[in-house]
Amino acid sequence: MSGGGSLAGGGSSLFSGFRVLGLYSNHVPHALRYHKKHREFYVVTAVGKCFHTYNVNRLGIVSVSNSLSDDIICVAADRMLMFAAAGRVISAFARNKEVVMRYHGHKQEVHLLLPLGDQLISADSSGDVIVWDVQEGDVYLRLQFDPASFNVSAMMHPSTYLNKVLLGSSQGALQLWNIKTSKLLFTFPGWSAGVTVLQQSPAVDVVGVGLATGRIVIHNIRLDETLMSFTQDWGPISSLAFRTDGPPIMASGSPQGHIAFWDLERRQLVTQQRHAHSTAIAGATFLHGEPLLVTNGADNAIKVWIFDQEGGGARLLRSRQGHSAPPTTICHHGNDGKNLLSAGQDGTLQSFSTVHERFNKNLGHGSINKKKEQKKKKGLSYEELRLPAITAFSSAAARQSDWDGIVSCHRGRLATTTWNYQRCTMGAYHLQPPDTPRNAIATAVSITSCGNFALIGSSCGRVDVYNLQSGMHRGCYGDNAKAHSGVVRGVATDTLNQLTLTSGSDWLLKFWRFKSRKQEEQLKLNAAPASMLLHRDSGMLALALDDFTLLVVDIETRRVVRKFSGHHGNINDMTFSPDGRWLVTVAMDCTIRTWDLPSGCLVDCFLVAMAPVGVSLSPTGDFLATAHVDSLGVYLWTNKSLCGPVGLRPLPADYQPAVETLPGVMADQSEQEVTSEEMDDAYQSAEQLGAELVTLSLLPESRWKSLLHLDVIKKRNKPVAPPAAPPAAPFFLPTLPGLTPQFLSPTATEQEAQSKVLSWGVLPQRSEVSSALASSLQSGSFDRPLSLLKDCGPAALSVELTSLTSEGGGDSSLLLAFIKMIDSMLVTGRDFDLAHAYLALFLKLHLRSLSQDPVAMEALLCVSSRLEAGWAELQASFDQSLCLLSYTKSALL
């Protein structure tokens, strides 16, 4: 790929998209379904253009659907299918994965779905309500509403109301329709507020109505009577759910993430679950007959709550939760490459496992409310106790079982915090340098390889050392406690804690003795460094500069050994391969580039749709992890070089990279309907993989192995006594002999059936196989007679071959045709076992007559030479394999 001229790329030659971590839910309400065979509940959540299915018992992911062309707006489920609306198209999924039907007909975006028996009801933003036939995909009924007077905002099927649908509007009115007769049965005036939620209660005729004012109305639609009313102070009602396991409890969700639980008998608030989600409650559903509540929200979380507390309260039973805001910094933790630490804009620090989701850990939010300050900070709100988002962190697994092994910097704060990975909590210390300006903040952090010390760089130019076991300050670098005259951009230490490296906005890279904290040397850079990364095993230090270039410094010789340019935006992050050969960088120009340090060349480059902000290559080299702008997930890419040889060549300076699809996001599918039968038959294996290969027939061995021993088998199976005629009609109808059962049609009369003299017309002159052989001799294609012979059993095959001679009704041309058929089978290499078995039986039956026919003998000699050549090749392969096998068994390796 080197040379002159602009070259267009074909994607990455080194990395391939694998999957995405940490995506669980968005603002779309979930769907709940029950599997009768498994006796298990499943929850379905939308994630972008696809949806995930989890079992409620363990919240383990069961399946990921195929992607749609647009983001999913709403999901619904019936007994067999899953429905998802994306844009103006509704898709039906079978087995939670494949699209089996698409419904076209809406002119605007679909925002409501309601499965009802064999019908599916959908509503769009323009006021169209369509009733679909689920199986055929046809429009059963279309209702048109004026959005100005009745904008459909909620739909529900009242229990036991056959073919009835209750529609709620954002103007406040409700309408009850019969979708079979297309008649409006009743109009409810409403409560002067828009309807946001409609939910059936356990009692027949009673419906829960959630309003935009925060009011909840329990209404009897049969009597048009309001039974009770509640009001919550957290804004509009986002979801409603009723318990069905006994206690008359109703749950209501709010846009602030709180859940209120109401007692319908005492008509009062029982308890409330504050901050159940950090964003609005998208959906809440009680499991039928169980004290479990499933919720999901736009904070990328699915939670299951159990009601086993005194007073009717709920506690969190299990959850799956990712970042509620995009991650900004990622790094692998430990040496096995199975755990990935991620810090997001939501202020949380989380660990994602590349093996299984049950190994994920949420270290939570940092908090300023320490034990000694709890009494003083009681007046602070929930948000004021939280620390800002993490801007940089460093981790070490060496002493994580003894004390905290993670140190992080927070936005706008000077004090850094420690975290304990094993306890999944915030650590014991806030590390704040003494005698620093009030406006100084921590900008860089690094933990030594031994896990004992943490080095913290700040915006005032200080670099301080702390002991992680005691949390005590152990000194600082530089004269007058300043290592740099500007902001410290990077801190690093070597493997043996002999050397400390710091870089700052003063364009200097400084080398210090770790123990004495004395400066040894400094290196003037071409621009201010933005970040710094040290590969301790190789001693290579990478610096990303503000002019979009990269420098690689050897810390032994303390000289710049490589300089790379090519990025057209700020370099956000970089990572080394485990052997130090590659340097992978990501930048705001949406490119991911791989630089080869020994050759000093760019060897791989590809574009992504969203700018990457973080990158980390696992210590084992198997996965590359990336985090992107405006994306809540962490994306994994597999390293192709571990699976096979990858040809990496230097890329030219004007190389045009191609866009690589992010993992977990498949290409848009065709808009044509795809049935499950077409999917099952999408791939069919070829009959012949190669002309030089030998292919067997895949028929049972009993069909061809016993052809030479038919006489012995017949003699062994000869009946002792002749068969006796049945005294009455047989219980089973008589069938014709053959592999395919066929009933014998009684065309002859009783006298003809009893007669043992057969008429001349009953005996056929030629069988179907003989006729096919005769026609194939003229055409040259022997597929038809070969397929007929495959359908014959051993006895029928012997009869067919016997009838090829003149005594059996054939002639010499049929013998020649059969020899030609065997020759064609040997030439193509197909049905190798059948060719030898058929030829052996043919020679056994007709060798005497063939020896007197010169034309047939010439054809047989051609077949013989072809057999010898074929077996010579096979024999050589067999001998080579046997020789290798005997050597491996006997040699001392």
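Residues numbered from 1 in each chain as written. Predicted model: local features only at pLDDT ≥ 70, side-chain atom pairs only at ≥ 80, totals over all residues. Heavy atoms only, no water.

K.L.:
Mind laying out the overall build of the protein, listing which residues take part and the relevant values?
P.N.:
Secondary structure assignment for the protein yields nine helices and 58 strands. Considered along the principal axes of its C-alpha atoms, the protein spans approximately 120 × 90 × 55 Å. Counting the 893 residues in the protein, one finds 48% classified as buried. Contacts in the protein between residues at least 24 apart in sequence constitute 46% of all its contacts with a sequence separation of at least 6. Only carbon and sulfur atoms are counted for the fraction: they give 53% of the accessible area of the protein, which is about 44,300 Å². If the 78 positive side-chain charges of the protein are averaged to one point and the 80 negative ones to another, these points end up 9 Å apart. (Helix = DSSP H or I, 4+ residues; strand = E, 2+ residues; numbered from the N terminus. Buried < 20%, exposed > 50% of the residue type's maximum accessible area, 1.4 Å probe, protein only. Contact = heavy atoms within 4.5 Å. Areas by Shrake-Rupley, 256 points an atom, 1.4 Å probe, with all protein chains shown as cover. Lys, Arg positive; Asp, Glu negative; His and termini not counted. Charge placed at Lys NZ, Arg CZ, Asp CG, Glu CD.)

K.L.:
Describe the sheet that holds strand β8 (residues 89–94), naming the residues involved and giving the relevant values.
P.N.:
The antiparallel open sheet is built from four strands, whose spatial order is β6-β7-β8-β9. Across the chains shown, the open sheet's two edge strands, defined by having one partner strand only, are β6 (74–77) and β9 (98–103). Neighbour-to-neighbour, the strand axes of the sheet open up by a mean angle of 25 degrees, direction not taken into account. Of the pairings in the sheet, the one linking strand β7 (residues 82–86) to β8 comprises five bridges and is antiparallel in character. (Pairing = 2+ DSSP bridges. Axes fitted to C-alpha atoms, helices over the stretch in contact; angles between N-to-C directions.)

K.L.:
Lay out the side chain of H219 in plain terms, naming residues and giving numbers.
P.N.:
Residue position: H219 is located in strand β20 (residues 215–220). When its relative accessible area of 5% is taken as the criterion, H219 is described as buried. A polar contact is formed between the side chain of H219 and the backbone oxygen of E225, at a distance of 3.4 Å. The contact partners of H219, leaving out residues within four places of it in the chain, are F188, W191, D205, V206, V207, D224, E225, T226 and L227. (Polar contact = N/O pair within 3.5 Å; in protein donor to acceptor, adjacent residues only side chain to side chain.)

K.L.:
Now, about the sheet that holds strand β17 (residues 183–188): what can you tell me, with residues and values included?
P.N.:
If you walk across this open sheet you meet the four strands as β14-β15-β16-β17, and the pairing is antiparallel. This sheet does not close on itself; its edge strands, each paired only once, are β14 (152–156) and β17. The mean inter-strand angle of the sheet, taken between neighbouring strand axes irrespective of direction, is 25 degrees.

K.L.:
Account for the packing of helix α4 (residues 768–779) against helix α7 (residues 812–828), naming residues and giving values.
P.N.:
The geometry of α4 relative to α7 is characterised by a closest axis approach of 9 Å and an angle of 75 degrees between their N-to-C directions. Here α4 is positioned roughly perpendicular relative to α7, judged by the angle of their axes. For the pair α4 and α7, contact is made by S770, L773, A774 and L777 and by S813, L814, A817, F818, K820 and M821, respectively. Considering only residue class, the contact of α4 with α7 consists of seven nonpolar, two polar and one charged. (Parallel < 35°, antiparallel > 145°, perpendicular 65-115°, else oblique. Nonpolar A, V, L, I, M, F, W, Y, C, P; charged D, E, K, R; others polar.)

K.L.:
Can you break down the confidence of the model for the protein residue by residue, with the values?
P.N.:
When the pLDDT values of the protein are averaged, the result is 87; 90% of them are 70 or greater. Scored below 50 in pLDDT, residues 666–683 makes 25 contacts in the model with residues more than four places away or belonging to other chains. (pLDDT = per-residue confidence, 0-100.)

K.L.:
Report on the state of the cysteines, specifying residues and quantitative values.
P.N.:
According to the stated counting rule, one finds zero disulfides in the structure shown. Looking at the unpaired C450, the closest cysteine sulfur is the one in C331, lying at 17 Å. For C450, a relative accessible area of 24% gives the class partly exposed. (Disulfide = S-S within 2.5 Å.)

K.L.:
How would you sum up the pairing of strand β10 (residues 110–116)? Please name residues and give values.
P.N.:
Counting buried positions over the seven residues of β10 gives six, a clear majority of the element. Taken together, the six bridges between β10 and strand β11 (residues 119–124) define a ladder with antiparallel strand orientation. Following the sheet pairing, L113 is matched in β11 by S122. From the end of β10 to the start of β11, which pair antiparallel, there are two residues, and G117 there has a positive phi angle of about 65 degrees.

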